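For reference, the chains in residue letters:
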Amino acid sequence: MKENSKNNHLREIYDDVMLPNYAPAYFVPESAKGSRLWDKDNKEYIDFGGGIAVNSLGHANPDLIDALTKQAQKIWHVSNYLTNESAVKLAQQLTELTFAESVFFSNSGSEANEAAIKIARKYHSSNNSPRSEIVSFEGSFHGRSLLNISLGGTELHKKGFEPLMPGIKHGVFNDIKGLENLISEKTAAVIIEPVQGEAGVYSATQEFMDKLRSLTSIHGALLIVDEVQSGVGRMGSLYGYMHYEIEPDILTSAKGLGGGMPIGATLTTRSIGESMQPGTHGSTFGGNPMACAVADTVLTVVSDKEFLDEVLRKEKLFVKLLNELNEEKSVFSAIRSEGLWIGCDLINEESSKVIDRCYDNGLILVSAGSNCLRLAPALNINDDDIKEGIEILKQVF
Ligand SMILES: Cc1ncc(COP(=O)(O)O)c(C=O)c1O
């Protein structure tokens, strides 16, 4: 940390007044544009973290600013007693682009998952066959509410917060044989990330997803795909389930959907959603008009085939450059990618230390899993930023 840095002052206040549940970088962002960010000392960074897969169209995107300011001048909040035009438009687009016919809006991925599990249980009880059991997978991450840490596979997230939610079974991700014993007539729903992001970008195999879809259908259990991180173009398809060519019963979306505005969405079919009659669930801020207006624009841009093809082209560029770096430096034991979502397992170095050195050199990355560098940049990052960022990473090693 530099003496007399403008970053220091705010960082000290942060430590004084904020709950110590995060440990942010020593620098403080002042402004950002595209995939570049500047701190309070005007130092420039290339952003490969994308706010952890949130800034899908980069920082200060003019189309998103336009959507936000237009909506801000019209109406900010209406409550769920009144029809929210911005939410209706977004729901219309989501249903046109996906398997879904009905949408519930919330403010985050955790809330979207909370709604998904409630919908699944309500669906079974409304059909006079109540089921409570939920199946989830080891290594998964679904959020930080009590329900979501109970679903998740990370012990650290659970310790000290017990009792957790009962009725949850954990299976082994990608263990096809294990699925037979896991799913039964008691299962209300199975929740899965098609690609486990927090674990370090680990993909479910096609065979595993196929088996999961067929077993849930046989037993009348609902298949929930948690696409909070994998969705909205991240994998080079609009949603990850499209990549697997299966149809879920419920899908949760958040993060990149708002491009930086807080929004969560739970998507389902009409026949499943019907059980959620007035009074069964709700959210004061869910479907906020400004968040929905921005998300509607994000979705219009990202759902374009040419845009998604570009995501896949840039994935190839990233992977090529990372492999070249690794041939020279031998720092990664594995490089996994799914679109613009890349996990690099470090061999001899600790991810937190590498990330600190990246900050020193003007590059933002995030960690994942036990010792993995995760890249989840803006989906519209340009080739020059990719090349320059990888060059910085090379210098860091
Ligand atoms: C797959 C997945 N589900 C749910 C969540 C929780 O989302 P939020 O932090 O918006 O509650 C995350 C966040 O990282 C996630 O990656």
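Fair warning: this is a prediction, and the values are worked out from it, not measured in the lab.

> Even after reading the chapter, I still don't get the overall build of the protein chain, so can you show me in this structure?
The secondary structure content of the protein chain amounts to 15 helices and 17 strands. In terms of principal-axis extent, the alpha carbons of the protein chain reach across some 65 × 55 × 45 Å. Taking all 397 residues of the protein chain together, the buried fraction comes to 47%. In the protein chain, 72% of the contacts between residues at least 6 apart in sequence involve partners at least 24 apart.

> What is the right way to read the packing of helix α3 (residues 62–74) against helix α12 (residues 289–302) from this model?
Angle between the axes and distance between the axes are the two parameters that describe a pair of packed helices. Between α3 and α12, whose axes approach to 8 Å, the crossing angle comes to 150°. Judged by the angle between their axes, α3 and α12 are roughly antiparallel. Here α3 and α12 pass one another in a crossing that is right-handed. Together, D63, L64, A67, L68, Q71 and A72 of α3 and P289, M290, A293, V294, D296, T297, V298 and V301 of α12 make up the contact between the two elements. Taken together, the residues of the contact of α3 with α12 sort by class into 10 nonpolar, 2 polar and 2 charged.

> For this particular structure, what's the right way to read the site of the ligand?
Neighbouring the ligand are 14 residues, the closest being S108, G109, S110, G143 and V228. In terms of residues, the shell around the ligand owes the most to one element, helix α5 (residues 109–126), which gives 3 residues. Considered class by class, the residues forming the shell around the ligand number 3 nonpolar, 8 polar and 3 charged.

> So what exactly am I meant to see when it comes to the sheet that holds strand β15 (residues 363–364) here?
Strand pairing in a sheet is mediated by backbone hydrogen bonds. Such pairs are either parallel or antiparallel. What the 4 strands build is an open sheet, ordered β1-β2-β3-β15; its pairing is mixed. Either end of the sheet is taken by a strand with one partner, and the two such strands are β1 (29–33) and β15. Along the sheet face, helix α15 (residues 383–396) touches β3 (44–47) and β15 and points at about 105° away from the line of β3.

> Looking at this structure, I do not really get the nonpolar core. What am I missing?
The tendency in soluble globular proteins is for nonpolar side chains to be buried side by side. Core analysis: the largest hydrophobic core is formed by 103 residues, its most contacted members being A120, A189, V190, L222 and I224. Considering every element that reaches this core, the biggest residue donor is α12, with 9 residues.

> Teacher, can you tell me more about the domain arrangement of the protein chain here?
Bring the parts together and some accessible area is lost; that lost area is often taken as the interface size. According to the domain assignment, the protein chain consists of domain 1 (6–60 + 305–396) and domain 2 (75–302). Using only C-alpha atoms to locate each centre, domain 1 and domain 2 end up separated by 27 Å. Listed per partner, the contact involves 24 residues of domain 1 and 23 residues of domain 2. Within the residue set of the side of domain 1 that touches domain 2, elements represented by two or more residues are α2 (50–53), α13 (305–329), β14 (342–346) and β17 (372–375).

Rules of the game
Residues numbered from 1 in each chain as written. Predicted model: local features only at pLDDT ≥ 70, side-chain atom pairs only at ≥ 80, totals over all residues. Helix = DSSP H or I, 4+ residues; strand = E, 2+ residues; numbered from the N terminus. Buried ≥ 20, exposed ≤ 12 C-beta atoms within 10 Å, placed from the backbone. Contact = placed C-beta atoms within 7 Å. Axes fitted to C-alpha atoms, helices over the stretch in contact; angles between N-to-C directions. Parallel < 35°, antiparallel > 145°, perpendicular 65-115°, else oblique. Left-handed = near helix turned anticlockwise from the far one by under 90°. Nonpolar A, V, L, I, M, F, W, Y, C, P; charged D, E, K, R; others polar. Near = placed C-beta within 6 Å. Pairing = 2+ DSSP bridges. Core = buried A, V, L, I, M, F, W, Y, C linked by C-beta atoms within 7 Å. Domains from an automatic or database assignment.

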